[in-house]
Amino acid sequence: MQYVLEAISIVLQPANIITLIISTGAGLLMGILPGLSATMAIALLTGLTYNFSHEAALISLLGVYVGAVSGGCQSAILLNIPGTPASAATALDGFPLANKGKGGLAIFVATTSSCIGTMISVVFVLSLTPLLTAISLMFTSWEFFLLSIFGILICGAITGQGKAIKGWISGIIGLLVAQVGYDRINMFPRFSYDNVNLMATLQLIPIMIGLFGFPEIVRAFKRNTNKEVMAISKFKYKEGFGIIGKNILAILRSAVIGVGVGVIPGVGEDVGGWLSYWATKTFTKDPDPKFGEGNIKGLASAETGNNACIGGAIIPVLSLAVPGSAPAAVLLAALLMHGYRPGPLLLRDFPDVVYKIGIYLLFASVTMWVLAQLLSKVSVRILRINKHILMPVIFCLCVVGSYLINFNLFDIKVMFCFGLVGLLLTWADVPLAPFLLGVILGPMCDENLRRGLDLSGGSFAPIFQRPICIFFFVIIVFMILSQIGVFRMIGARIKKSKESK
């Protein structure tokens, strides 16, 4: 209770309230603008918070995280263009509602569901983080090595859109990129070619900004995304809250699904939204109107699920130092930059940080809801900005954000190079999230594998002798076999043999 009261007193300080309002508002704006994402919003803000206090940095980063994930619903509803990937499922029923003159009501229900989803996820952050941390204290080098491999493989399988091999290739490339620079065991320079900047390892934020920013900027110039916005009819807040009350069971179910999806490394808020929408569609009988034609329950479920992923994705960041989503990966880098050491020892070194993050998320969700109601009145004008004017401004922000990390021009070059890599991977229809997760988990994977081999004299036998290792190993093998179709082939042969008899 002491830590909770301390966190509340910190966030209620005038300077921190102003920081929360500005950062959450900035996140909402970046979420509303099509082509940007929560990942990009946090990446751009991270460099600006370098000289902030630890508390102000946490408040601003969590504020922009919540705002960016929630803001994407407005462009999804008004234009049928999700502001962020997390709002893709929102557009299915949100845009038909806008066409029926219920755009204002749809935005209210979406943002209220987002607020509720984030609040519910806080309960899981406060309850599951200590539990998962206690389990992670049983991990040795081998467990962390297999955990990093598991995270990359499951991220690649889910984001590969039916082609897991592409996702795995992307993750492996990210792992290789993470090997550049001094290794952490013997401090030997690898792949640096006597370049001092490469010896210091490639910085995550410039990689992130280039990887996700460039493809969106280029796509904005290739297509015309400016559409006419439908008029937003007025509605009564009593009507909106009544709809929330009628669909509270679907919202609670979607929140639990969102948290569960968020805990899985590298999956992300967009999967949480889709899975929550699918669950509501599956368990709802005789929907009227049908899903995809303006069903308010589907809209609420999608927005609850993607925002509940925020808390879920933060849980493995704090307890295992493994991000649950791409924005959480950038948040992990920001925590490291500000002196925190996420992982099994976090609660020992910073016993108050989990409670602070939970309280900051609560205040950020409420701030987001208030600002979203105000912004919805003017968002139509923002969405009419010509993308040919907007995207050059975003490109300048990418350059500034990369430079501010270390005030090093080399980081701008890194950002540009990985921007080209992002374009190439996007052109080849290869998912970018596994690449980023590979860069994040690369040092953890390499360091723990080499340490484990040193302790075992070069033997892999401990993997088959430790229960947690066996658990991870079996899941990894099962996942690979299922994704390459081995079980389908075996099932087909068994069926064929039965038919022949």
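Owing to the predicted nature of the structure, the values given are computational and were not obtained by experimental measurement. (Residues numbered from 1 in each chain as written. Predicted model: local features only at pLDDT ≥ 70, side-chain atom pairs only at ≥ 80, totals over all residues. Heavy atoms only, no water.)

Undergrad: So what about the overall build of the protein? Which residues, and what values?
TA: When you go through the protein residue by residue, the secondary structure sums to 23 helices and 2 strands. Counting over 501 residues, the protein shows a buried share of 56%. Within the protein, residue pairs in contact and separated by at least 24 positions form 79% of the contacts whose partners lie at least 6 positions apart. As presented, the protein carries roughly 21700 Å² of accessible surface, and 68% of it is formed by carbon and sulfur atoms. (Helix = DSSP H or I, 4+ residues; strand = E, 2+ residues; numbered from the N terminus. Buried < 20%, exposed > 50% of the residue type's maximum accessible area, 1.4 Å probe, protein only. Contact = heavy atoms within 4.5 Å. Areas by Shrake-Rupley, 256 points an atom, 1.4 Å probe, with all protein chains shown as cover.)

Undergrad: Now, about the layout of surface pockets: what can you tell me, with residues and values included?
TA: Empty space within the largest pocket amounts to approximately 1300 Å³. Along its surface, the largest pocket is lined by 43 residues, and Arg 184, Leu 336, Arg 341, Ile 440 and Pro 443 are the ones closest to its centre. The biggest single contributor to the lining of the largest pocket is helix 21 (residues 433–455), with 9 residues. Among the residues forming the lining of the largest pocket, the class breakdown is 27 nonpolar, 8 polar and 8 charged. (1 Å grid on protein atoms, 1.4 Å probe; cavity = no way out; pocket = protein on both sides within 12 Å on 5 of 7 lines; lining within 4 Å. Points joined across faces, edges and corners; volume = space filled by probe spheres on them. Nonpolar A, V, L, I, M, F, W, Y, C, P; charged D, E, K, R; others polar.)

Undergrad: Would you mind going over the nonpolar core in detail, with residue names and values included?
TA: With 129 residues, the main nonpolar core has Tyr 65, Val 109, Leu 202 and Ile 314 as its most contacted residues. When residues of this core are assigned to their parent elements, the largest contribution, 12 residues, is made by helix 4 (residues 54–79). Apart from the residues within four sequence positions on either side, Ile 314 is in contact with Leu 62, Tyr 65, Leu 331, Ile 357 and Leu 361. (Core = buried A, V, L, I, M, F, W, Y, C linked by side-chain atoms within 4.5 Å.)

Undergrad: For the confidence of the model for the protein, give the residues involved together with the corresponding values.
TA: Per-residue confidence for the protein gives a mean pLDDT of 80, with 88% of residues at or over 70. Scored below 50 in pLDDT, residues 225–231 makes 18 contacts in the model with residues more than four places away or belonging to other chains. (pLDDT = per-residue confidence, 0-100.)

Undergrad: Provide a residue-level description of the pattern of salt bridges, including the pertinent values.
TA: Throughout the structure, instances matching the rule amount to 6 salt bridges. A salt bridge links Arg 190 to Asp 446; the shortest N-O distance between them is 3.3 Å. A residue pair is termed long-range when its members are at least 10 positions apart, and Arg 190 in strand 2 (residues 189–190) and Asp 446 in helix 21 qualify at 256 residues. The same class applies to Arg 190 as to Asp 446, namely buried. (Salt bridge = Lys/Arg side-chain N within 4 Å of Asp/Glu carboxyl O.)

Undergrad: Any details on the side chain of Asn 16? Residues and values, ideally.
TA: Counting through the fold element by element, Asn 16 comes out in helix 2 (residues 14–32). Taking relative accessible area as the criterion, Asn 16 reaches 7% and is therefore assigned buried. Polar contacts involving the side chain of Asn 16 include one to the main-chain carbonyl oxygen of Ile 10, which spans 2.7 Å. The contacts of Asn 16, once residues within four sequence positions are left out, are Ile 10, Val 11, Ala 56 and Ile 59. (Polar contact = N/O pair within 3.5 Å; in protein donor to acceptor, adjacent residues only side chain to side chain.)

Undergrad: Can you tell me about the packing of aromatic side chains, naming the residues and giving the values?
TA: Following the criterion strictly, the structure yields 9 aromatic pairs and no others. Considering the side-chain rings of Phe 108 and Phe 241, the 5.1 Å spacing of their centres and the 90° angle between planes classify their relative orientation as edge-to-face. Of the two residues, Phe 108 sits in helix 6 (residues 103–136) while Phe 241 sits in helix 11 (residues 237–246), which places them 133 residues apart along the sequence. The exposure class of Phe 108 is buried, given its relative accessible area of 0%. Looking at Phe 241, the relative accessible area reads 45%, which means it is partly exposed. Here Phe 418 and Phe 435 contribute two aromatic rings whose centre-to-centre distance is 6.1 Å and whose plane-to-plane angle is 65°, an arrangement assigned as edge-to-face. On the criterion of sequence distance, the pair formed by Phe 418 in helix 20 (residues 409–427) and Phe 435 in helix 21 is long-range, its members being 17 residues apart. The same class applies to Phe 418 and to Phe 435, which are both buried. What links up through ring pairs into an aromatic cluster is the set Phe 108, Phe 241 and Trp 369. (Phe/Tyr/Trp six-rings, centres within 6.5 Å; stacked < 30°, edge-to-face > 60°.)

Undergrad: Requested: an account of unusual backbone geometry, with residues and values cited.
TA: The phi angle at Phe 191 is positive, at roughly 55°, despite the residue not being glycine. Note on placement: Phe 191 falls in the loop between strand 2 and helix 9 (196–199). Assessed through its relative accessible area of 48%, Phe 191 is described here as partly exposed. With a phi close to 60°, Asp 194 is a non-glycine residue in the positive phi region.

Undergrad: Run through a nonpolar patch on the surface, naming residues and quoting values.
TA: A surface patch of nonpolar side chains, amounting to about 380 Å² of accessible area, comprises Ile 165, Ile 169, Ile 173, Ile 480 and Ile 484. It is helix 8 (residues 164–177) that contributes the most residues to the nonpolar patch, 3 residues altogether. Along the chain, Ile 169 falls in helix 8. Residue classification places Ile 169 among the partly exposed positions, given a relative accessible area of 44%. (Patch = residues over 30% accessible without salt bridge, like charges linked within 9 Å, V, L, I, M, F, W, Y side chains within 5 Å.)

Undergrad: Go over helix 11, please, and point to the residues and values.
TA: Every buried residue belonging to helix 11 is among Gly 240, Ile 243 and Ile 244, and all of these are buried. Projected down its long axis, helix 11 shows its buried positions confined to an angular sector of 100°, all on one face. Along helix 11, exposed side chains directed more than 90 degrees from the buried face belong to Lys 238 and Lys 246. (Arc of directions from axis to C-beta.)

Undergrad: How would you sum up the side chain of Arg 190? Please name residues and give values.
TA: Arg 190 gets classed as buried once you look at its relative accessible area, which sits at 18%. Engagement of the side chain of Arg 190 in a polar contact is seen with the backbone oxygen of Gln 179, the distance being 3.3 Å. Setting aside its immediate chain neighbours within four residues, Arg 190 contacts Gln 179, Val 180, Gly 181, Asp 183, Asp 446 and Arg 450.

Undergrad: Kindly report on the packing of helix 3 (residues 38–48) against helix 15 (residues 326–337), identifying the contributing residues and their values.
TA: Running from N to C, helix 3 and helix 15 point in directions that differ by 15°, and their axes come no closer than 8 Å. Relative to helix 15, helix 3 is oriented roughly parallel. Between helix 3 and helix 15 the crossing geometry is left-handed. Contacts between helix 3 and helix 15 involve Ala 38, Thr 39, Ile 42, Ala 43 and Thr 46 from the former and Ala 326, Pro 327, Val 330, Leu 331, Ala 334 and Met 337 from the latter. Residues that form the contact of helix 3 with helix 15 fall into these classes: 9 nonpolar, 2 polar and no charged. (Axes fitted to C-alpha atoms, helices over the stretch in contact; angles between N-to-C directions. Parallel < 35°, antiparallel > 145°, perpendicular 65-115°, else oblique. Left-handed = near helix turned anticlockwise from the far one by under 90°.)

Undergrad: I'd like a description of the packing of helix 22 (residues 467–483) against helix 23 (residues 486–500), backed by residues and values.
TA: Between two packed helices, what matters for the description is the angle formed by their axes and the separation of those axes. Taken N-terminus to C-terminus, the directions of helix 22 and helix 23 make an angle of 65°; their axes are 5 Å apart at the nearest point. Across from Phe 478, Leu 481, Ser 482 and Gln 483 in helix 22, the residues of helix 23 making contact are Val 486, Phe 487 and Arg 488.

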